[in-house]
Every structure is written in structure tokens, then in C-alpha cells.
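Here is how the chains run, residue by residue.
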Amino acid sequence: MTNNKSVLNWINEMAEMVNPDKIVWIDGSEEQTEALRAEACKTGELEPLNAELYPNCYLHRTAVNDVARVENRTFICTRTKEDAGTINNWMDPKECYDKLSKLYKNSYQGKTMYVIPYSMGVVGSDFAKIGIELTDSIYVVLNMLIMTRVGKNVIDALGDSADFVKGLHAVAECDEEKRYICHFPEDNTIWSVNSGYGGNVLLGKKCFALRIASYLGRKEGWMAEHMLILGLENPQGEVKYISAAFPSACGKTNLAMLIPPEIYKKAGYKVWTVGDDIAWIRVGEDGRLWAVNPENGFFGVAPGTNEHSNYNALMTTKKNCIFTNVCHDLDNNSVWWEGLDNNPPKNALNWRGEKWDYTKYDKADKVGTSGAHPNSRFTAMASNCPCISSEFNSLKGVPLTAIIFGGRRAKTAPLVYESRNWQHGTFVGSIMASETTAAAAGAVGVVRRDPMAMRPFVGYDMGDYFAHWLNMGKKIPNAPKIFHVNWFRTDDEGHFIWPGFGDNMRVLMWILARCAGEVDAVETPIGFVPKAEDINIEGLEDVTVDTIRELLSIDNASWLEDVENIKAFYKQIGERVPAELYDELAILEANLKK
Ligand code: GTP
Ligand code: SPV
Ligand code: MN
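This is a predicted model, so every value here is computed, not measured.

### Considering the domain arrangement of the chain
Thinking step 1. Segmentation of the chain into domains returns domain 1 (5-44 + 73-220), domain 2 (225-293 + 392-593) and domain 3 (298-384).
Thinking step 2. Here domain 1 and domain 3 have C-alpha centroids that lie 28 Å from each other.
Thinking step 3. At the interface, 10 residues of domain 1 touch 11 residues of domain 3.
Thinking step 4. Together domain 1 and domain 3 conceal approximately 810 Å² of surface at their shared face, both sides included; 68% is due to carbon and sulfur atoms.
Thinking step 5. Of all residues in domain 1, Tyr139, Ile146 and Tyr197 bury the most surface against domain 3, accounting for 61% of the area lost on that side.
Thinking step 6. Applying the counting rule to domain 1 against domain 3 returns zero salt bridges.
Thinking step 7. At the junction of domain 1 and domain 3, the tally comes to three residue pairs in polar contact (both at pLDDT 80 or more).
Thinking step 8. Where the side of domain 1 that touches domain 3 is concerned, the elements lending two or more residues are α5 (138-147) and α7 (198-201).

### Concerning the site of ligand 1
Thinking step 1. Taken together, 22 residues sit near ligand 1, with Ala249, Lys252, Thr253, Asn254 and Arg377 positioned nearest.
Thinking step 2. Between an oxygen atom of ligand 1 and a main-chain N or O atom of glycine 251, the distance comes to 2.9 Å.
Thinking step 3. Arginine 377 places a polar side-chain atom, nitrogen or oxygen, 2.7 Å from an oxygen atom of ligand 1.
Thinking step 4. Starting from 650 Å² of accessible surface for ligand 1 in isolation, the protein chains cover 91%.
Thinking step 5. Elements that contribute at least two residues to the shell around ligand 1 include exactly α9 (252-256) and β18 (297-301).
Thinking step 6. Among the elements that line the shell around ligand 1, the one with the most residues is α9, at three residues.
Thinking step 7. Partitioned by chemical class, the residues of the shell around ligand 1 number 10 nonpolar, eight polar and four charged.
Thinking step 8. In terms of domain composition, the shell around ligand 1 takes at least three residues from each of domain 2 (225-293 + 392-593) and domain 3 (298-384).

### Examining the coordination of the manganese ion (ligand 3)
Thinking step 1. Lys206 (NZ), His226 (NE2) and Asp277 (OD) make up the full set of protein donors to the manganese ion (ligand 3), lying at 2.1 to 2.5 Å.
Thinking step 2. One can describe the site at the manganese ion (ligand 3) as irregular: its six donor atoms subtend angles covering 63 to 172 degrees at the metal.
Thinking step 3. Taken in chain order, the donor set of the manganese ion (ligand 3) reads K-x19-H-x50-D. Highlighted residues: histidine 226 in the loop between β12 (223-225) and β13 (227-233) and aspartate 277 in the loop between β15 (270-275) and β16 (279-283), separated in sequence by 51 residues. Like histidine 226, the residue aspartate 277 is buried in the burial classification.

### With respect to the packing of helix α13 (residues 422-430) against helix α14 (residues 462-474)
Thinking step 1. Axis separation between α13 and α14 bottoms out at 9 Å; the angle between their running directions is 155 degrees. Taken together, the axes of α13 and α14 are roughly antiparallel relative to one another. Considering the relative orientation of α13 and α14, their crossing is right-handed. Two secondary-structure elements touch here, α13 through Trp422, Gln423, Thr426 and Ser430 and α14 through Phe466, Trp469, Leu470 and Gly473.
Thinking step 2. Split into classes, the residues belonging to the contact of α13 with α14 amount to four nonpolar, four polar and no charged.

### Considerations on the site of ligand 2
Thinking step 1. All residues adjacent to ligand 2 are Arg69, Gly199, Lys205, Lys206, His226, Ser248, Asp277, Phe299, Arg377 and Ala439.
Thinking step 2. Residue lysine 206 places a side-chain N or O atom 2.5 Å away from an oxygen atom belonging to ligand 2.
Thinking step 3. At 3.3 Å, a side-chain N or O of histidine 226 approaches an oxygen atom of ligand 2.
Thinking step 4. Here ligand 2 loses 98% of its free accessible area of 290 Å² to cover by the protein chains.
Thinking step 5. Considered class by class, the residues forming the shell around ligand 2 number two nonpolar, three polar and five charged.
Thinking step 6. Here the shell around ligand 2 spans two domains, since at least three of its residues come from each of domain 1 (5-44 + 73-220) and domain 2 (225-293 + 392-593).

### Some remarks on the sheet that holds strand β2 (residues 47-48)
Hydrogen bonding along the main chain pairs the strands of a sheet, whether they run parallel or antiparallel.
Thinking step 1. If you walk across this open sheet you meet the five strands as β2-β3-β19-β24-β18, and the pairing is mixed. Either end of the sheet is taken by a strand with one partner, and the two such strands are β2 and β18.
Thinking step 2. Bridge count for β2 against strand β3 (residues 58-60) is two bridges, and the pairing is antiparallel. The residue bridging glutamate 47 from the neighbouring strand is leucine 59, located in β3.
Thinking step 3. Across the sheet, α5 touches β3, β18, β19 (322-324) and β24 (377-381), and the angle it forms with β18 is around 115 degrees.

### Some details on the sheet that holds strand β21 (residues 334-336)
Thinking step 1. Reading across the sheet, the four strands line up as β21-β20-β22-β23 and stay open at both edges, with antiparallel pairing between neighbours. For this open sheet the edge positions go to β21 and β23 (355-356), each flanked by a neighbour on one side alone.
Thinking step 2. Where strand β20 (residues 327-329) meets β21, three bridges bridge the pair, whose relative direction is antiparallel. Directly across from aspartate 329, in β21, lies its bridge partner serine 334.

### Points about the packing of helix α17 (residues 556-573) against helix α18 (residues 579-593)
Thinking step 1. Contact geometry for α17 and α18: axes closest at 10 Å, N-to-C directions at 160 degrees. On the basis of the axis angle, α17 is roughly antiparallel to α18. Considering the relative orientation of α17 and α18, their crossing is left-handed. Of α18, the residues touching α17 (which contributes Asn556, Trp559, Leu560, Val563, Glu564, Ile566, Lys567, Tyr570 and Lys571) are Leu581, Tyr582, Leu585, Leu588, Glu589, Leu592 and Lys593.
Thinking step 2. Among the residues making up the contact of α17 with α18, the classes are represented as 10 nonpolar, one polar and five charged.

### Brief notes about helix α15 (residues 505-515)
Thinking step 1. Counting buried residues in α15 gives 10 out of 11 residues, a clear majority hidden from the surface.
Thinking step 2. Taken together, the buried positions of α15 are occupied by Met505, Arg506, Val507, Leu508, Met509, Trp510, Ile511, Leu512, Ala513 and Arg514.
Thinking step 3. Of the residues flanking the end of α15, it is glycine 517, one or two places downstream, whose phi is positive at about 70 degrees.

### Observations concerning the state of the cysteines
Thinking step 1. Going through the model one piece at a time under the given rule, you end up with zero disulfides.
Thinking step 2. In this model cysteine 385 remains outside any disulfide bridge; the closest cysteine sulfur is found in cysteine 387, 3.5 Å from its own.
Thinking step 3. You can call cysteine 385 buried: its relative accessible area is 4%.
Thinking step 4. With a relative accessible area of 5%, cysteine 387 lands in the buried category.

The rules behind each value
Residues numbered from 1 in each chain as written. Chains lettered and ligands numbered in written order. Predicted model: local features only at pLDDT ≥ 70, side-chain atom pairs only at ≥ 80, totals over all residues. Heavy atoms only, no water. Domains from an automatic or database assignment. Contact = heavy atoms within 4.5 Å. Buried area = accessible area lost by both parts, 1.4 Å probe. Salt bridge = Lys/Arg side-chain N within 4 Å of Asp/Glu carboxyl O. Polar contact = N/O pair within 3.5 Å; in protein donor to acceptor, adjacent residues only side chain to side chain. Helix = DSSP H or I, 4+ residues; strand = E, 2+ residues; numbered from the N terminus. Near = heavy atom within 4 Å. Areas by Shrake-Rupley, 256 points an atom, 1.4 Å probe, with all protein chains shown as cover. Nonpolar A, V, L, I, M, F, W, Y, C, P; charged D, E, K, R; others polar. Donors = N, O, S within 2.8 Å, 3.2 Å for Na, K, Ca; no water. Tetrahedral: all angles 85-135°; square planar, octahedral: opposite > 155°, others 65-115°. Buried < 20%, exposed > 50% of the residue type's maximum accessible area, 1.4 Å probe, protein only. Axes fitted to C-alpha atoms, helices over the stretch in contact; angles between N-to-C directions. Parallel < 35°, antiparallel > 145°, perpendicular 65-115°, else oblique. Left-handed = near helix turned anticlockwise from the far one by under 90°. Pairing = 2+ DSSP bridges. Disulfide = S-S within 2.5 Å.

Shown next, in the form of C-alpha cells:
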């Protein structure tokens, strides 16, 4: 497929180590893809679903011990530990290469090495970057074919260049004790071993498009962020673009595809999806920030996705889709997950592949008793999405009017607030916190600081990352305004107070009105909040202006507790936290104590 010496030498070197029976280049053709699907169905790696209900859709189950990203086994291997920072796990590159080489040794024996040339971003665009992933898993190949742009044209675009990210993946024995997801940003290299799950193995996604790319972005003056991108079109046909960073399983896909509430739909408003997980952002000639989505598909959370919560996502999964770790309805060979509807299948297999009794479902033990794993996923083509933006394949991307940060907070954070300026907005991003979710292995529901939703994804020191945000601010004459939202405040019984989903558009409308200078706000110790009556609640049952007032309330005591927690977190990050952010922290504390 290529004469590129750096590509061929690298593949030979890797092949010598992992020792495959044969090497197959993935060309992106439908014939080859179809042959791989057929082979995966033969080995049981995939199960074909009901061709009438789900044409060209497949079910895959991962190993029971391999259902999420593994942050404690994820490493940034820079030459000095300081460059990886205190929040990342670090290993010396040489030590890491040696250690993992032993795990890779002969791991492809009896297997095929698939070579996947892929582009993050539209092939050939000046903002796209190329990677090559070597893998022993057809499931990975088929997912990468959906999630990225794969094929011969990528290799052609690379030409003789050595500028590509070298990714080596082996499911190997899938031993969790020997599972490593390692990044060598100084070598443009990713090594992943002993996993077959999502973000651990689809190396274009978190490993490249966030960890390696964030490192490159700092060096080259752009940003790689864990953000959705959406366009909101008004009845006059003008589209304003917003990006939003929420931690894993905190609502990016849902917001990106939201369906406007009736009042706005009737008036002619529309929402278009540009991206649901990752944004690459640079300063345009006009001094605004421009964002592209480097991916080509959606690796979305299945549970909770239904006709009402996210109709567009559901439609996107109806064909050419791979489902991972969902519940298998045996009666009609289809799929099901908690929150799809109120009719759990009577004759079904759970995400482990065992006979499932829906009457034993216990919300307190979802992993143990649910039909679908809480982090079960669909891999779906962006082009199947009914609300995909006409700018999805745009080379320069879309200009951002607003950036939103948000987390899952039962208390403390109000429904929405606005930062005073870029520096304060950077501070607001840096102090984000959220309850942990099933998207990563470990405890669920624990509040932890997750700056810019990037805690698990920054490929260098977190203090330097904050400094990069501040520096970018100096290079953007027409910077977007920065906001913070929280859809997840709960009442005393633990129920969400805000209806969320499509109704989040009501908050987006306030945000855009603020950006256009069309509405006032109330100054508070943490920033600007809306006047309660400025959040449109027309058509909402159970939500009154008083509910909004409650959602916008700021409890100084719990914010002061947060301030202490932030101080400890900054200290943990270490000496590279910029002084400007300490200034902002001091202002926040003083405001709260006033
Ligand atoms: P990753 O793919 O892990 O990065 O997740 P994500 O940020 O794209 O999250 P996603 O949109 O898939 O939502 C995760 C979970 O949160 C799903 O179960 C949703 O149903 C739920 N969710 C999303 N938006 C809202 C909301 O506005 N309110 C409430 N209560 N739940 C929501
Ligand atoms: C996330 O965890 O933020 C995801 C899923 O988007 S994964 O691809 O596994 O990282
Ligand atoms: Mn994500």
C-alpha cells in the first residue's frame, strides 16, 4: 500500500516483536469491511442482529473485566516525570517500552496484524492528523472504520512523511493485571495492551485526539478538548456554534443532538451536531476560535438513550451500528438497555452473555443486575445522524460563540453561570468537579475535580495545561464567552430537579442571548447568573420560576467548602498552576466571605 520508509520500518519492527501469522492492510473498501464482519461473525466476536430491525448491526461483548477506560493503568511516558505532571501516572519511556515489549512478545502468534491508516479530521485538511494503528482485533478494526476516516487515501495523504502517530494495540490475554495504556508524546507513540474496550483500544480517540493531541496543541498553539460541538439555528437561519466540555457520561452526546422543546421547534429553531466528544480548536484569521470534530462517528453511552431523551442518537444507531455490552433480546434478536423503554425483554442475555431475569434488576447494583452494562455503548456513523451539521466535513470548522463547562453535581453548582472574562472562565474550567461515572473503572458517584473534563486526558502537566488556556486567551481578539452548567442538581429525595435533555436548550438560549448582549444578569460571588424569569419555562410542567430560583441559588457555605477542596487540588497539581488562577481563587473566596 505504501513505500513510506518510516511506516514500513516501524511496522516491520513491531511485527518482529508481536509475531503475527500475516499482515493485512485496511483499505476502507466495503468488500474488505464486509469480509471482516463475516469473519468476526464466524468467530463469535460479533453477532449479527435482526436484519429488518437493525440492518448491518452487530452485538459485541467484551471480557467481563474489561468494560471501561482504566485510568489507574494509563500512563504518560515523557522523559521527565515533571512533564507528565502530578495528576497523570508516569513511567520512564525506556522502562515502559521494555516492560510492554515483554507483554507484546509473540502476542499476535496465530493471529493477523491489521494495519489501520486513519485520519483524525477530514483527509488532507491542514488541521487533520494521521495515525496508524496496528491491532490483533477485528472489533477494533470495525470500530475504527466507523469512528475515524480510514483507507488508502490516508496513506496517500501521508506520502513520504514520518509525521504520523504510531499506535500498537494487542488484546493479548486481556489480563487486567497486565493492562497498560501508555502514551509517549515525545515519540508520537501509543502502546495499548491487554484490553479490548473502547477508549483503551480505539487509539484515535482519547489516546491520540486528546492525550497526544493536547501535547501537540500546546507545542503548536492550538487546543484539543473533551468537548461536543453544536450549532443552534434561529428562525432567520443564522447558526451560532457552542462547544461544551462535560466529563465522561455527563451529557455531551445528548446535548450535541438535542431536540428543541415544542415552543422553540414551532418557532423554527434547529440544533445541528458537529461533534459529541472531541474538539480541536484553533484561532482563525478573524480572531475567533474555530473548532473541528476530528472523529467520524459516535461511541455513545447506550443506557438512558430513548425516543424522548435522545431521538437523534437512537435513529443514528438503527443501521450500520456496533453495540457493545448491551442486553441481547433473544425473541427478536435485537438489543435493549436500561432506559430504552419500560419493556425489558423476557427472554434475554445480559451484558455478560448470561440468561437475564429483568425482575431481579436492582438500581443499587446496576453492574450486577442490569441487562446492559452501565457503560455499554453504540458505535454509530456520524453520517447516519438525522441532525448532522452541514459543516461536519468543513475544513476550517465552525466559529465558537460560547464555551460551556459542566459537571454532575447534586448540590453546589447552579443550573448556569457566566464567567466574567477569559481568565475567569479558565478558572471556572479549572475548578470543575463532577461525580464519577461508569465510563471509567472504579467507584461511581464520588465527586472529584475534573478540570475542563480533561483530568484523564491531558498528555502533560495540568498546571501547564491551565497556562496554555490562559495563553490562548491572549491570542483570541474575539474570544467566545465561557459558561458553566449543571443539569444534575437533585432534591432531598435525590431526584433531578431540572428536566434536562431537550429542555437544556432553554439554558442555551439564555447563553446565546448573553453573548449577543440581549439580556441582563445578576452578579454573584461566582459569576453572573440569570434572573430566574429570564429562563424560558413555557410549556414545562412541574417547573416554576421558584424552581429556577432554587436551581440558580448559590450556597456560600458549600462553595467555601469547595474553595478548600480547590486549594488542596491546586496544591496537588503543584507549582505550575499559574498565579492568575490563584488570584481568581482569592477573589472567589473573598466574594464568598463578603
Ligand atoms: P462520554 O461518551 O462518556 O464522553 O459521555 P457523554 O458526555 O457523551 O454523556 P451522554 O450524553 O452519553 O450521557 C450520559 C448519561 O447521562 C446518559 O445516561 C444520559 O441519559 C444522561 N444524561 C444526559 N443528559 C442529561 C440531562 O440533561 N439530564 C439528566 N438527568 N441526565 C442526562
Ligand atoms: C469517555 O469515557 O469519555 C468516552 C468513552 O467517550 S471512551 O471512548 O471509552 O473513552
Ligand atoms: Mn468522552
